[in-house]
Amino acid sequence: MESIHLKTVDPISQKLLLSASQQRLELPWERYEKLQPQDGFLRLGLSCPFGCMQGPCRIDPFGRGPQNGVCGLAKDEMAAGLLLRLCLQGTMDAMAGVFSEDDTPAIEFSPALRALVDKALSSDDQQDLSIDDIIKSNLLLNRPSSTYKTLLSQALRLSLLTLGFQEQATAAASESIPCRIGYGTLRGQQVRIGISGRPSAPLIASLTNAMKEESGNSALLVSLGEWILQEDQFMPIACTSGESELLVSSGAIHLLVAGVGSDPGLIGLCHKLNIPVTTDGTDAAPAEIVEQARKRSASVSQVDLFSAVPSAEVHQVLMSHSQAAAMIGEDQDGRIALIGGSDTLQLSLGRLPLGLATELSGKGVQLGGWGDAALWILKNKPQPEEGDTLFHTLDNRQGPLLVVKGLASMGRLDWLQGICFTGLKSCQELSAALGLAYLGCRVSSATPIPVRGSSTVTKELSDMLQRNGGELLHFDHPPQPEELSDWLTNC
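Small disclaimer: the values here were computed from a predicted structure and weren't measured.

## Points about the confidence of the model for the protein
Then step 1. Averaged over all residues, the pLDDT of the protein equals 90, while 95% of them reach at least 70.
Then step 2. The weakest mean pLDDT in the protein belongs to helix α8 (residues 201-213) at 85; the strongest belongs to helix α16 (residues 427-438) at 98.

And the structure:
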């Protein structure tokens, strides 16, 4: 464990890593190391994404091996097709966050987003978006018969749909909502129920009511990296998504509620440690779930691992683009840079967002953040000091789209220095990043976009984005905070 600082920058997390190592528990870092080297063909976009059982086909990026798939597919169409498939998955994920099985999906852009979407589509002489774009994309991926330009164009259309669904998924009565963040939420002797993934709102509401009716030691619902609305506030967030298994390994969580999207490793770790797990499909009543957590709490020795951690601060999360615009507009310079995205194991957890925030401090740029990146910044600098850079926490569903819409409505989109994704975990994040670039924003991603295997596709995608003033920068190496800071400030 001499390389522990390479896994996370958080001192508390480093202590928990030592404890997990002593227990001989396998966590994401160990699995990541065992998977090296990961599939380079997929990272380059040279692994076939089409619906075919004759493969898998891969193309040699160095020109010495295969240059076509079994069906004759060339690398340009292969790379463009893979981007389309990832965007299709991202759009479907975003749509699933809005509509149930009984709903008829419909696109309902706000006026602010509608104006940006219309501008992007007109720059490419594109027709308006519809739900049929999802069906068309699926048909394009049935057999590789379309050109790479057609595939890229459809991927961009899906990226705009993703943004639209993300906007529809947010329904908040207030312009800002409070949230407590950090390990300080776990102080004291109490029964703790951890929430992962996206559990249904009725399940969360029923568990909340069940705990209010219970007597005895207080019970707490705490999120393991997810931004979950609980009545008129966000559920307390104990850690980032990348730290969720680490926190469970400490024994501080007495029951896991695993919603849709929970990592299998997290559920498997709970089973190994005999921590009860429940899901949306369970037949157990809410009171029974709470009782299971109480029994687990009573069966293990209660050690307050977080007694020395300061109490969690309450932060306000911006939920409306008008409020975001108003707060940014209070600064006379008006410049803002956005930092967000999921944890990535390519660098020490927290290094990129915290390094970026430090690099940009004192440079006259306000900061906005969402996702794991925002959690890192907030839990490490809970109280801003005089002269510190202003930091605005953005609703995780919309993230940077809140600021983009707000600035556009003011006619000041030029105030936006850039949007930096410090890590991509889901296809939805990838599709959203592409959509923001298509709207005309400068976007960078610390996670590589899988198109580098074709210089033709890489250039064509760049040209398509530039026609509307957008940019999508991504790296062939784990970037350092200094690189991203220079990119954000040199525009």
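## Some words on the sheet that holds strand β7 (residues 277-279)
The strands making up a sheet are joined through hydrogen bonds of the backbone, oriented either antiparallel or parallel.
Then step 1. Taking strand neighbours across the sheet as the criterion, the four strands line up as β3-β2-β6-β7 in an open arrangement whose pairing is parallel. Both edges of this open sheet fall to β3 (219-223) and β7, since each of them pairs with a single strand only. Between one strand axis and the next, the sheet turns by 25° as a mean value, whatever way the strands run.
Then step 2. Taken strand by strand, helix α10 (residues 264-272) contacts β2 (191-196), β6 (255-258) and β7, and its axis lies near 155° from that of β6.
Then step 3. Helix α11 (residues 286-299) contacts β2, β3, β6 and β7 of the sheet and is inclined by roughly 120° relative to β2.

## Overview of the packing of aromatic side chains
Then step 1. The tally for this structure, following the rule as stated, stands at four aromatic pairs.
Then step 2. On the numbers, 5.4 Å between centres and 10° between planes, the contact of Tyr 183 with Phe 306 is stacked. Taken as a pair, Tyr 183 in the loop between β1 (176-180) and β2 and Phe 306 in the loop between α11 and β8 (314-318) lie far apart in primary sequence, 123 residues in all.
Then step 3. Aromatic pair Trp 227 and Phe 234: ring centres 5.8 Å apart, planes at 90°, arrangement edge-to-face.
Then step 4. Among the residues examined, Trp 227 registers a relative accessible area of 12% and is labelled buried.
Then step 5. Relative accessible area serves as the criterion here: at 2%, Phe 234 is assigned to the buried category.
Then step 6. The side chain of Lys 379 reaches across the aromatic face of Trp 376, ending 4.1 Å from its centre.

## Some words on the layout of surface pockets
Then step 1. Within this model, the second largest pocket holds a volume of roughly 1100 Å³.
Then step 2. Taken together, 30 residues make up the lining of the second largest pocket; nearest its centre are Gln 38, Arg 43, Thr 344, Leu 424 and Lys 425.
Then step 3. Looking at the lining of the second largest pocket, the elements with two or more residues in it are α2 (28-34), α3 (40-44), α4 (75-96), α9 (244-249) and α16.
Then step 4. Here the residues of the lining of the second largest pocket are counted per class, giving 14 nonpolar, nine polar and seven charged.

## Brief notes about empty space enclosed by the protein
Then step 1. Tallied over the full model, the rule gives one cavity of 30 Å³ or more.
Then step 2. Taken as a whole, the largest cavity spans an internal volume of roughly 90 Å³.
Then step 3. Forming the walls of the largest cavity are 14 residues, and the residues nearest its centre are Thr 344, Ser 348, Gly 350, Leu 352 and Pro 353.
Then step 4. When residues of the lining of the largest cavity are traced back to their parent elements, those giving at least two are α13 (351-360) and α14 (371-380).

## Remarks on the sheet that holds strand β12 (residues 416-423)
Then step 1. Across the sheet, eight strands lie side by side as β1-β8-β11-β10-β9-β12-β13-β14; this open sheet has mixed pairing. Each edge of the open sheet carries a strand with a single partner, namely β1 and β14 (471-474). The average angle at which neighbouring strand axes cross in this sheet is 30°, direction not considered.
Then step 2. Across three bridges, the pairing between β12 and strand β13 (residues 442-445) is parallel. When the sheet's bridge partners are listed, Ile 419 is paired in β13 with Val 443.

## With respect to helix α12 (residues 321-329)
Then step 1. Taken as a whole, α12 has its buried residues at Ala 324, Ala 325 and Ile 328. Projected onto a plane normal to the axis of α12, the buried residues spread over an arc of 100° and lie on a single side.

Procedures and definitions
Residues numbered from 1 in each chain as written. Predicted model: local features only at pLDDT ≥ 70, side-chain atom pairs only at ≥ 80, totals over all residues. Heavy atoms only, no water. pLDDT = per-residue confidence, 0-100. Helix = DSSP H or I, 4+ residues; strand = E, 2+ residues; numbered from the N terminus. Pairing = 2+ DSSP bridges. Axes fitted to C-alpha atoms, helices over the stretch in contact; angles between N-to-C directions. Contact = heavy atoms within 4.5 Å. Phe/Tyr/Trp six-rings, centres within 6.5 Å; stacked < 30°, edge-to-face > 60°. Buried < 20%, exposed > 50% of the residue type's maximum accessible area, 1.4 Å probe, protein only. Lys NZ or Arg CZ within 6 Å of the ring centre and 35° of its normal. 1 Å grid on protein atoms, 1.4 Å probe; cavity = no way out; pocket = protein on both sides within 12 Å on 5 of 7 lines; lining within 4 Å. Points joined across faces, edges and corners; volume = space filled by probe spheres on them. Nonpolar A, V, L, I, M, F, W, Y, C, P; charged D, E, K, R; others polar. Arc of directions from axis to C-beta.

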